[in-house]
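Here is how the chains run, residue by residue.
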Amino acid sequence: MRDKNRGLRKLYERNLDYINSGFLSFKDKNIPKYIKRLQESIEKKVITPKKLKEYVYNRYYYSDENHEKANKPVDRRMLGEKIGLVLSGGGARGVAHAGVLKVLENYGIKPAFIIGTSAGSVVGASYSTGISPDEMLDIYEKEEKEFFKLSQLRSFSQKTMSCTLRSIFKKYLPFNELIDTKIPFYINTTDVKSCGRLIFSAGDLTELVLASSAIPFLFEPISYEDYILIDGGMTDNFCVDFARMINKNDFNNELKIVISDVSAATDSASRIQTSHFLLTLSKEFVDTVKFVGKEILPVRDERDILSIINNLLYILAKRGELAPEFLEDEIIISPMLEKMGIFEFKKYRWAFDKGVETTKVVLQ
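Calculation rules
- Residues numbered from 1 in each chain as written.
- Predicted model: local features only at pLDDT ≥ 70, side-chain atom pairs only at ≥ 80, totals over all residues.
- Heavy atoms only, no water.
- Helix = DSSP H or I, 4+ residues; strand = E, 2+ residues; numbered from the N terminus.
- Buried < 20%, exposed > 50% of the residue type's maximum accessible area, 1.4 Å probe, protein only.
- Contact = heavy atoms within 4.5 Å.
- Areas by Shrake-Rupley, 256 points an atom, 1.4 Å probe, with all protein chains shown as cover.
- Axes fitted to C-alpha atoms, helices over the stretch in contact; angles between N-to-C directions.
- Parallel < 35°, antiparallel > 145°, perpendicular 65-115°, else oblique.
- Left-handed = near helix turned anticlockwise from the far one by under 90°.
- Nonpolar A, V, L, I, M, F, W, Y, C, P; charged D, E, K, R; others polar.
- Core = buried A, V, L, I, M, F, W, Y, C linked by side-chain atoms within 4.5 Å.
- Pairing = 2+ DSSP bridges.
- Phe/Tyr/Trp six-rings, centres within 6.5 Å; stacked < 30°, edge-to-face > 60°.
- Lys NZ or Arg CZ within 6 Å of the ring centre and 35° of its normal.

Trainee: Hey, could you run me through the overall build of the chain in this one?
Mentor: Tallying secondary structure elements over the chain gives 14 helices and eight strands in all. Per-residue burial for the chain yields a buried fraction of 54% across its 364 residues. Partitioning the contacts of the chain with sequence separation of at least 6, the portion at a separation of at least 24 is 77%. Summed over its atoms, the accessible surface of the chain is roughly 16,800 Å², and 50% of this surface lies on carbon and sulfur atoms.

What follows is the structure in structure tokens.
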């Protein structure tokens, strides 16, 4: 019979090499109790890969009150010819960003800069390097088999998932330096070492987009320079405060900020389902994840699984502190994508059309 916890156990055993080499020692009385609790929880299978994945998904994609401000119609003439554009994370739903961009193009509205998180970094990187929204659709169609791999969560390893994305990025992005993009582009990531948001304006475009999209437990953490990077949406799915700073410093607050929000759980039903899920997790698991992650631990490298799990839970507990409320003069375009899961890549054309449809409604 297949051991469903084999993957996590192997990572845990590999982590013991670092523990035994002096990085950490569970025999040391000075080791925090919550790390011993994490070790015991893994050994007793209280924490399993499935529970961790589900916990992360539901905490990561939980929506907030900002959605109540979304999709209010505005006169598009108020925007002028240039805007600051923020593209949220949202998995496969990110294709809707391309639909938003298509309408903006048709109306003669161009981003003066783009900030992308997770799926938003994929679309933002494509657009800022000269790939049109229609060309993005063509890429999805050509690479349908590869994107299908990403939807088979239980069939492929983290390494395979990461390699699949990396190969697609390298194949279609016309160049690989972030600083060379035709439109200034900023990529939001999360650094597991510091448990903080890290936004890049220069560097290896492919690796940084991959890092911004590296959902924990599905994709490998990305070692980049002195950082260990994962999905930017873990700390902040929008970075709208950063957009405001750029607008103030570089454009004297002359730009309108437009936020394309394709994050999940945009409707009340999804919120209820999320809350219900968290309540149905076993009490022992919930107690463990609350107990672990009280402090940031040093992370030696991407294989240091115990410290990464601890820091990830720390991030989830603190999530939202960086993300400010949207302001009244900011334009939020939030396509109604509640019927689309974050890995339902087969619905890419439907999501694109929803992006087009919603943007036309908002920008009258």
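After that view, the rundown keeps rolling.
Trainee: So what exactly am I meant to see when it comes to the packing of helix α6 (residues 133-142) against helix α14 (residues 348-362) here?
Mentor: Think of two packed helices as two axes; the pair is described by the angle between the axes and how far apart they sit. Interhelical geometry of α6 versus α14 gives an angle of 165° and a closest axis separation of 10 Å. For the element pair α6 / α14, the angle class is roughly antiparallel. Considering how the two elements wind past one another, α6 and α14 form a crossing that is right-handed. In this structure, α6 uses Pro133, Asp134, Leu137, Tyr140 and Glu141 to contact α14, whose residues at the interface are Tyr348, Arg349 and Phe352. Residues belonging to the contact of α6 with α14 are distributed by class as follows: five nonpolar, no polar and three charged.

Trainee: Sorry, what's going on with the nonpolar core here?
Mentor: Within soluble globular proteins, side chains that are nonpolar generally end up buried alongside one another. Residues Leu79, Leu85, Leu104, Leu205, Ile331 and Leu363 are the most contacted members of the largest nonpolar core, which totals 61 residues. Top contributing element to this core by residue count: helix α4 (residues 95-106), with seven residues. Discounting chain neighbours no more than four positions away, the residues touching Leu79 are Val74, Ile109, Lys256, Val258, Ile331 and Leu363. Counting residues in hydrophobic clusters, the runner-up holds 28 residues, among them Val286, Val292, Ile309 and Tyr314.

Trainee: Explanation requested: the pairing of strand β7 (residues 256-260) in the structure shown.
Mentor: On a regular strand, each side chain points to the face opposite its neighbour's, so the side chains alternate between the two faces of the sheet. Taken across its five residues, β7 has four buried, putting it largely inside the fold. For β7 and strand β8 (residues 331-333), the ladder comprises three bridges, and the chain directions are parallel. Its bridge partner lying in β8, Ile259 is registered against Ile332.

Trainee: Help me understand the packing of aromatic side chains, please; the structure alone is not making it clear to me.
Mentor: Centre-to-centre distance and the angle between the planes together describe a pair of aromatic rings. If you walk through the whole model with that rule in mind, you get seven aromatic pairs. Taking the centre distance of 5.4 Å and the plane angle of 70° together, the rings of Tyr186 and Phe242 count as edge-to-face. Placement of Tyr186 in strand β3 (residues 185-191) and of Phe242 in helix α10 (residues 240-251) is noted, with a sequence separation of 56 residues between them. Grouping residues by exposure puts Tyr186 and Phe242 together as buried. Centre to centre, the rings of Phe238 and Phe326 are 5.1 Å apart; their planes meet at 90°, and the pair counts as edge-to-face. One end of the pair, Phe238, is in the loop between β6 (227-231) and α10; the other, Phe326, is in the loop between α13 (305-318) and β8, with 88 residues separating them in the sequence. What links up through ring pairs into an aromatic cluster is the set Phe113, Tyr186, Phe242 and Phe251. One cation-aromatic arrangement involves Arg37 over Phe291; the distance from NZ or CZ to the ring centre is 4.6 Å.

Trainee: Could you clarify how one ought to interpret helix α5 (residues 119-128) in this entry?
Mentor: Within an α-helix, residues lying three or four positions from one another point in the same direction, as the helix has 3.6 residues per turn. Extensive coverage of α5 is indicated by the burial of nine of its 10 residues. What α5 keeps buried is the set Ala119, Gly120, Ser121, Val123, Gly124, Ala125, Ser126, Tyr127 and Ser128. The inward-facing, buried residues of α5 contact β1 (82-87), α4, β2 (110-117), α6, β3 and α9 (205-212). Note on α5: the residue one or two positions beyond its end, Gly130, has a positive phi of about 105°.

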